[in-house]
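Working through the structure, step by step
Chain by chain, the residues:
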Amino acid sequence: MRWTIRGQVLVGPTIFGHNPQPDVPSVTILPGCDGDVADLQGQMFVDATRGVSSGRALHSALYMIGANHNYFNTEWTPGQAAGPAFDDVWAEDDPLCTAGVAPARLTAEQQQTAGATYIAAAASLFVARDERARPLLDGSGVRAPSAGPARVLAHAIGANRSAAIVPDASLGVRGARLCPQVSGDPDDAACLMDPEIAVESPHFVPFWQPEPGRYAVALTGGTTGTLKPARAMPVAGSHQLALRLIVPPNAPATPFTVAVTDDRGRRSTLGTATVTGLPGSDSTRSYWAQEVRLPLPRDVRAVTALEITPQGGGPAWLIDAWGWRPGTPDPRPAPLDRIDVGQLDVGETDSGTTTYTVPVQVRGKLPAQVRLFLTDPRTYRTTSWVTDIRPGTTRIPVPVSVLGNTTYSGDLRYTVSAKALRNAVVGDHDGGVLVRDDEPAPEITITPAATAAEGSPLTWTVNLSGAADAYLYLVLLPEKPATGTELSSTDVDPAWFTSVSGEDPQPSRPLSSTFLQPFIEIEPGTTTFTVTTPTVTDTEAEGPEHLRFLPMVFLPGVQEPVALSPITGTLTD
């Protein structure tokens, strides 16, 4: 049976491949208090469609403040599910997201009511073609009373929009900064420069790092940013200019004055639009663009410059700007090229370099463009390049060079990925070359027993039968000793204990009852090293105290750790 798909509603989704279908209308619900999909990568169902096809399909994002994706599904909702269910907001005192603590956090019933409202709106628009539902979804700022107390913000691209400013490398910028959304180079300042907040914008979720070609415009409060596209951007027939603007979470109302210059050199001041920061906390990703619109004079046929002046003192970011008019046209899906990345499974050689060709299959007849990525598993360095696909092309050869050796590294995967840029959709976005290691892992032995006096470290020697050329990891799990008094949390250095357990050493308790887990990174090339447990002295005559560890080794590419023989330690007065 073949189905005709009129639209999609994505609820707190993942999209690891950044590969939406650009010609199928969509509504994506982004839960503001998510845990499992905390980066709100579902935003890519909107942003990753820009420029790929005709842009006639409406793609909407709904930011639902106080929602969590588990609660849209009754079988994932505590108190409603027949089986186990939990709230995946882990913070116990988050002012926005902790259930029962945060007033903004929606109850399950409130969230499900709001979700049902917007799902029904999407069905009304995409299936019944009821234009009355569109303003709920397309950034018009209309809310539905049936959604209850939920605060839901919408923005969209596509439908009756014409691109005015979509930042790319050709955009001329004065008084502002053209910034990469995703940067892998510290010298290449990303739009959000603090690495701890870079993922707090759903718009800047990376496919790979670096990812060239994705830009926004960073604005400075009180400074006019002038943006000039490489060519005049036609907006004839548009009623308004729609802008997607980000201000920091919890920022006060920020006015933006906006002006455009047309292809006849005439400058028009459009007016002032105001954006207030979304509620934000440590549990949210609130650097999210809000849509604002200003009337566009009827005689503006094309935009050659856009001026934006944030009146507040803080930063702001422009994601894009569009000529807008009401209506939802038929998407008219195009026969886009289909791209699939294949994978080769090969054995490792002992020397020299072998070049393999990864098959990237193309099906379609349109001229298209994709960006290909290659990630080296040894260096973790990702390179990328743009490939133009001519009509009739069936394969894109991607050469991958693999160096052979006689040293253990585990199986290595040279990952090849594809992302559509124009006239293409990507199916299997991820493939490459999987190189099967033909050397055994080095045998690891540890001194079985160590003895020390109080205040001196217990020390064990670890030996590898041969060097590896990949990182190995050793974890020591405390177990109850077979005999004698067990070493306690207050018998070891308190700072060390906290660093490897995350707990306070008080009250004193046996080490096997704690979360103590010393973790050791074994660097490539290592054949021997020592592991120590620092101890402290006390004034009590306790006799010998004992410690027992179960060593677990994690090998590259292997999910289950390898258990070694237990080791013991004895501390004397």
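Residues numbered from 1 in each chain as written. Predicted model: local features only at pLDDT ≥ 70, side-chain atom pairs only at ≥ 80, totals over all residues. Heavy atoms only, no water.

**A word on the side chain of N405**
- As for its placement among the helices and strands, N405 is situated in the loop between β22 (395–403) and β23 (412–422).
- The class for N405 is buried, based on a relative accessible area of 16%.
- Looking at N405, its side chain comes within polar contact range of the main-chain nitrogen of T407, at 3.3 Å.
- In contact with N405, other than residues within four places in its own chain, are E348, T349, D350, S351, R378, E439 and D469. (Helix = DSSP H or I, 4+ residues; strand = E, 2+ residues; numbered from the N terminus. Buried < 20%, exposed > 50% of the residue type's maximum accessible area, 1.4 Å probe, protein only. Polar contact = N/O pair within 3.5 Å; in protein donor to acceptor, adjacent residues only side chain to side chain. Contact = heavy atoms within 4.5 Å.)

**Examining the state of the cysteines**
- Taken as a whole and assessed by the stated rule, the structure comprises two disulfides.
- Put simply, C33 and C97 are joined by a disulfide, and their sulfur atoms are 2.0 Å apart. Its S-S torsion of about -75° marks the bond between C33 and C97 as left-handed, since a negative value means left-handed. Within this pair, whereas C33 is found in the loop between β2 (26–31) and α1 (44–47), its partner C97 is found in the loop between β3 (59–64) and α2 (108–126), the two being separated by 64 residues in sequence. For the pair C33 and C97, a shared accessibility class is recorded, and that class is buried.
- One disulfide bridge connects C179 with C191, the sulfur atoms lying 2.1 Å from each other. Taking the sign of the torsion about the S-S bond as the criterion, the disulfide between C179 and C191, at about 100°, is right-handed. Here C179 is found in strand β7 (residues 177–180), whereas its partner C191 is found in the loop between β7 and β8 (215–220), with 12 residues between them in sequence. C191 carries the same exposure label as C179, and that label is buried.
- The connectivity of the disulfides in the protein chain is 1-2, 3-4, where the numbers refer to bonded cysteines in sequence order. (Disulfide = S-S within 2.5 Å.)

**Comments concerning the packing of aromatic side chains**
- For the structure on display, the rule yields seven aromatic pairs.
- Relative to W288, the ring of Y63 lies with its centre 5.3 Å away and its plane at 40°, an arrangement referred to as tilted. Placement of the pair is Y63 in strand β3 and W288 in the loop between β13 (267–275) and β14 (290–295), with a sequence separation of 225 residues. Here Y63 matches W288 in class, with each residue buried.
- Plain terms: the ring middles of F86 and W90 are 5.7 Å apart, the flat faces sit at 20° to each other, and that makes the pair stacked.
- Joined through ring pairs, the aromatic side chains of Y471, Y473 and F519 make up one cluster. (Phe/Tyr/Trp six-rings, centres within 6.5 Å; stacked < 30°, edge-to-face > 60°.)

**Side note on the sheet that holds strand β32 (residues 528–533)**
- As summarised here, the arrangement of the three strands in space is β26-β28-β32, forming an open sheet in which the pairing is antiparallel. Among the strands making up the open sheet, the edge pair consists of β26 (444–446) and β32. Averaged over all adjacent pairs, the angle separating strand axes in this sheet is 25°, with direction ignored.
- Here strand β28 (residues 458–464) runs beside β32; their pairing, made up of six bridges, is antiparallel. Across the sheet, the residue bridging to T461 is T530, located in β32. (Pairing = 2+ DSSP bridges. Axes fitted to C-alpha atoms, helices over the stretch in contact; angles between N-to-C directions.)

**Points about the pairing of strand β35 (residues 567–572)**
- Residues I567, G569 and L571 point to one face of β35 and are all buried, whereas T568, T570 and T572, pointing to the other face, are not buried.
- Judged from the five bridges that link them, strand β27 (residues 449–453) and β35 form a sheet pairing that is parallel. Across the sheet, A453 pairs through a bridge with T572, a residue of β35.

**Focus on α2**
- In a regular helix each residue adds 1.5 Å, so 19 residues correspond to 27 Å; α2 covers 27 Å between its end C-alpha atoms and thus fits that length.
- Where α2 is concerned, the buried positions are A108, Q111, Q112, A114, G115, T117, Y118, A121, A122, L125 and F126.
- Of the surrounding secondary structure, the elements contacted by the buried residues of α2 are β1 (8–11), β2, β3 and β4 (152–157). (Expected span 1.5 Å × (residues − 1).)

**Points about the sheet that holds β1**
- Taken in spatial order, the four strands make up an open sheet running β1-β2-β3-β4, and their pairing is mixed. The two strands at the open ends of the sheet, each matched to only one other strand, are β1 and β4. The sheet shows a mean angle of 15° between the axes of neighbouring strands, taken without regard to direction.
- With four bridges connecting them, β1 and β2 associate as parallel partners. Bridging from a neighbouring strand, L10 pairs with T28 of β2.
- Seen against the sheet, α2 touches β1, β2, β3 and β4 and runs at an angle of roughly 170° to β3.

**Some points on the environment of L106**
- Assignment of secondary structure puts L106 in the loop between β3 and α2.
- Given a relative accessible area of 8%, L106 falls into the buried group.
- Remark: the alpha-carbon pair of L106 and Y71, spanning 35 residues in sequence, is separated by 9.4 Å.
- Non-local contacts of L106, meaning those with residues more than four positions away in its chain, are made with M64, I65, G66, A67, Q111 and A150.

**Remarks on the pattern of salt bridges**
- Under the defined criterion, the tally for this structure stands at 24 salt bridges.
- The closest approach of N and O atoms between R105 and D87, which form a salt bridge, is 3.0 Å. Placement of the pair is R105 in the loop between β3 and α2 and D87 in the loop between β3 and α2, with a sequence separation of 18 residues. In this pair, the class of R105 matches that of D87, namely buried.
- A salt bridge links R134 to E131; the nearest nitrogen and oxygen atoms lie 2.7 Å apart.
- Taking relative accessible area as the criterion, E131 reaches 31% and is therefore assigned partly exposed.
- Connected through salt bridges with shared partners, the residues E131, R134, D138, R161, E291 and R293 form a single ionic network. (Salt bridge = Lys/Arg side-chain N within 4 Å of Asp/Glu carboxyl O.)

**Considerations on the nonpolar core**
- Core analysis: the biggest nonpolar cluster contains 31 residues, and W460, V462, L472, L474 and F529 have the highest contact counts within it.
- Element by element, the count of residues in this core is highest for β28, at four residues.
- Filtering out sequence-adjacent residues up to four positions away, L472 remains in contact with Y408, P442, I444, L464, I520, E521, I522, F554, L555 and P556.
- Listed in part, the 28 residues of the second largest apolar core include L219, V247, F256 and L306. (Core = buried A, V, L, I, M, F, W, Y, C linked by side-chain atoms within 4.5 Å.)

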